[in-house]
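Summary of the model geometry
Below, each chain spelled out in residue letters.
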Amino acid sequence: MVKTCRVLLEPISTLIIVVVASLTIIFLNNRALLMVLFMFILLISVAISLRIFKAIFKVVMLMMLLYSALMVASQIIVLGFINIDLMFINILKFSSVAILSLSMINCINISKLIEVFRKLSPNLGISLALSIKMMKNLPKVWTIMSRLYEINMCCNNYIDRIALLILSIKAFLFLSTYSLMQSVEAFITRSKILRRK
Amino acid sequence: MSKIVKVHNLSVSVNNHEIIKDLSIEISEGEIICVTGSTGAGKTTFLRVVTGLIPELYKDFKIDGEISIFGLSPSEALHRGLVAYVPQDVYSFFIGSTPREELAAIGIESCCSDIDLDKDIDRLSDGQLYRFLLNTALVGGAKVIAIDEPLSHIDWWSVEKVFEYLKSFAESNKLVIIVAEHRIDLIKNFCSSIVKLDASTTECPNLPKLGARNNVTSTAIELRDVHITYNYEHILKGITMSIGFGEAIAITGRNGCGKTTLLNILAGIAKPSKGFVNISKRTKLFMVPQNPVYWFPSASVEDVAKLFARKCKFDGNIENVLSVFNLDRDSKKNVYSLSVGKARLLSMALAHISNSSTIIVDEPTLGLDCKSKKILVDIFNKFLENEKTVIVATHDLSFAKLFNTVYILEKGKLMKGQ
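Now for a quick tour of the structure. (Residues numbered from 1 in each chain as written. Chains lettered and ligands numbered in written order. Predicted model: local features only at pLDDT ≥ 70, side-chain atom pairs only at ≥ 80, totals over all residues. Heavy atoms only, no water.)

Let us now look at the interface of chain B and chain A. Chain B puts 58 residues into the contact, and the matching count from chain A is 50 residues. Buried area between chain B and chain A, both sides added, is near 4,900 Å², and the carbon and sulfur share of it is 60%. One salt bridge connects Asp122 of chain B with Lys140 of chain A, and the closest N-O pair in it is separated by 3.1 Å. Counting across the interface, chain B meets chain A through 13 residue pairs in polar contact (both at pLDDT 80 or more). Looking at which element gives the most residues to the side of chain B that touches chain A, the answer is helix H5 (residues 99-106) of chain B, with 6 residues. Residues that form the side of chain B that touches chain A fall into these classes: 34 nonpolar, 13 polar and 11 charged. (Contact = heavy atoms within 4.5 Å. Buried area = accessible area lost by both parts, 1.4 Å probe. Salt bridge = Lys/Arg side-chain N within 4 Å of Asp/Glu carboxyl O. Polar contact = N/O pair within 3.5 Å; in protein donor to acceptor, adjacent residues only side chain to side chain. Helix = DSSP H or I, 4+ residues; strand = E, 2+ residues; numbered from the N terminus. Nonpolar A, V, L, I, M, F, W, Y, C, P; charged D, E, K, R; others polar.)

This paragraph deals with the sheet that holds strand E1 (residues 3-14) of chain B. All names here are of chain B. Spatial strand order, E2-E1-E4: 3 strands in an open sheet with antiparallel pairing. In the strand order of this sheet, the two ends are held by strand E2 (17-28) and strand E4 (61-69), each with one partner. Along the sheet, successive strands turn relative to each other by an average axial angle of 5°, direction set aside. Both E1 and E2 contribute to a ladder of 8 bridges, which runs antiparallel. Across the sheet, residue Val14 finds its bridge partner in E2, namely His17. (Pairing = 2+ DSSP bridges. Axes fitted to C-alpha atoms, helices over the stretch in contact; angles between N-to-C directions.)

Another aspect to go through is the packing of helix H11 (residues 340-354) of chain B against helix H12 (residues 370-385) of chain B. Residues and elements named next belong to chain B. Where H11 contacts H12, the two axes come as close as 11 Å, and the packing angle between them is 15°. Between H11 and H12, the angle is such that the two are roughly parallel. Our pair here, H11 against H12, has a crossing hand that is left-handed. Contact residues: H11 offers Leu345, Met348, Ala351 and His352, while H12 offers Ser372, Leu376, Phe380 and Phe383. Each residue belonging to the contact of H11 with H12 can be placed in one class, and the counts come to 6 nonpolar, 2 polar and no charged. (Parallel < 35°, antiparallel > 145°, perpendicular 65-115°, else oblique. Left-handed = near helix turned anticlockwise from the far one by under 90°.)

With that settled, the discussion passes to unusual backbone geometry. Residues and elements named next belong to chain B. With an omega dihedral of 15°, the bond running from Ile54 to Pro55 counts as a cis peptide bond. Inspection of the secondary structure assignment puts Pro55 in helix H2 (residues 53-56). Going from Asn291 to Pro292, the amide bond is cis rather than trans, its omega being 0°. By the element assignment, Pro292 lies in the loop between strand E13 (285-288) and helix H9 (301-311).

From the geometry alone we can't say anything about function, so treat these as descriptive.
The following block contains the structure:
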């Protein structure tokens, strides 16, 4: 889920709003109010970008399914029965916070956030930029590498497929290490610019 | 004019293998110096020594002789921000995931009006990223700028414009620009002097044309009305093409026109937003990507070749294959220590070993000197003799002209070239 919406939001105020809203949702226990908030967040998310909402919804649904299964199991073990009311409230809270955060993360102006962090400390700005790059790029690199090995290696049977997976993982790890080395090269040759505030 | 860079009797070696021997040059402000040599001659090593990356980052190298920048050692010059480096492998060099994030991280307000700064770096072409890094190096305040293999990245249409700009920028800002390049013939007019690292010739002889078949009987890959859209932007618009067995096809166009995207569709790596792709069941593909250059599981060159030979039941002699691809002297080297050009030759050797029926190569001439290009053309001709299909995407127009069928990709549309 690396789709960015068309309207980019101011990072700091957005982060503050998301944190305050999430805390409010977590400590709120009124079912009706929670329901209203949940609907409101859904509307905001759809309004920001339907495309991003669809992608987020898939992820949140999967998370909710896993969460519900775990909750049912733990309630049976601890309480001996299933408390549907509690489960409903928790799922509402969980999905509201998840949809809100994921929608906003996709719409934050990351470069502005890096600039803000950089003003606090150049190293903080660089670390943030590099972590975002890694988070975005590593899954893409893995997809390319695994597909490349699938195309280029001669794969005839099940054992070959396992060997192919191991090879792709090995190549991916070495490529990631190599990329990190290149990033260090980028740091060193630009250390003077990177450190100026 | 004052001499900024002084190199006297410079020798560089690694693991008792001498890379550069007794090199002496002096470079004045405002000059563009072009360093040339064959694939693996030590051009990148020289740039890394000048920029202080050797020995600051790469510790295994042994340096003899004297080298000074403004009277300082390269390491001191590096720490004072006097030198900048634009590498061959641009993707890994980025700190941010978009050019705008990169600018934010390095604290430059604006740059490069011809590039969409908000696109993810993997959505921009190699050439666009290279030009972006070049621009940020120029405006970053460094006085010595080392540029590695620019012609492998910048398209044929833009080379002159880029070098005219570099020359005037160097003169007006009293910079020194050191360019490592094996295709010196295209930029020699801009070089104040040319430094040869080995005895290889700088002029490329005429390469033979590829002997593709004219009467193609069956189709290997077919595209019908293929569209690719990303973030509301149309990258490919209604591409229709049919590629038969034994055909040699070159797709050319400017940086960022969608060549790599089209190759990814042909290889089945990417799926079209709309349209139809048919890869024949007889087609066994082999893809040599432009990025990543180093896509091998780490081991020696020989081990990687043997691994592919085992998997693909290749019964030929591996030593002979490595010798054909001019890799025999590097057979014990770790693949990640190879130069970009040698790594590309290894990829081509693996394509040969895999015995695939269709070879797809993104930017085949990346990092290759004349001798290596000749090897490549000979190998392509051998592929074609065996009714294999060769598809390449290249911004090297002189290389594209060797192919029987040339397609030009412009504004997302594919046109047959003359």
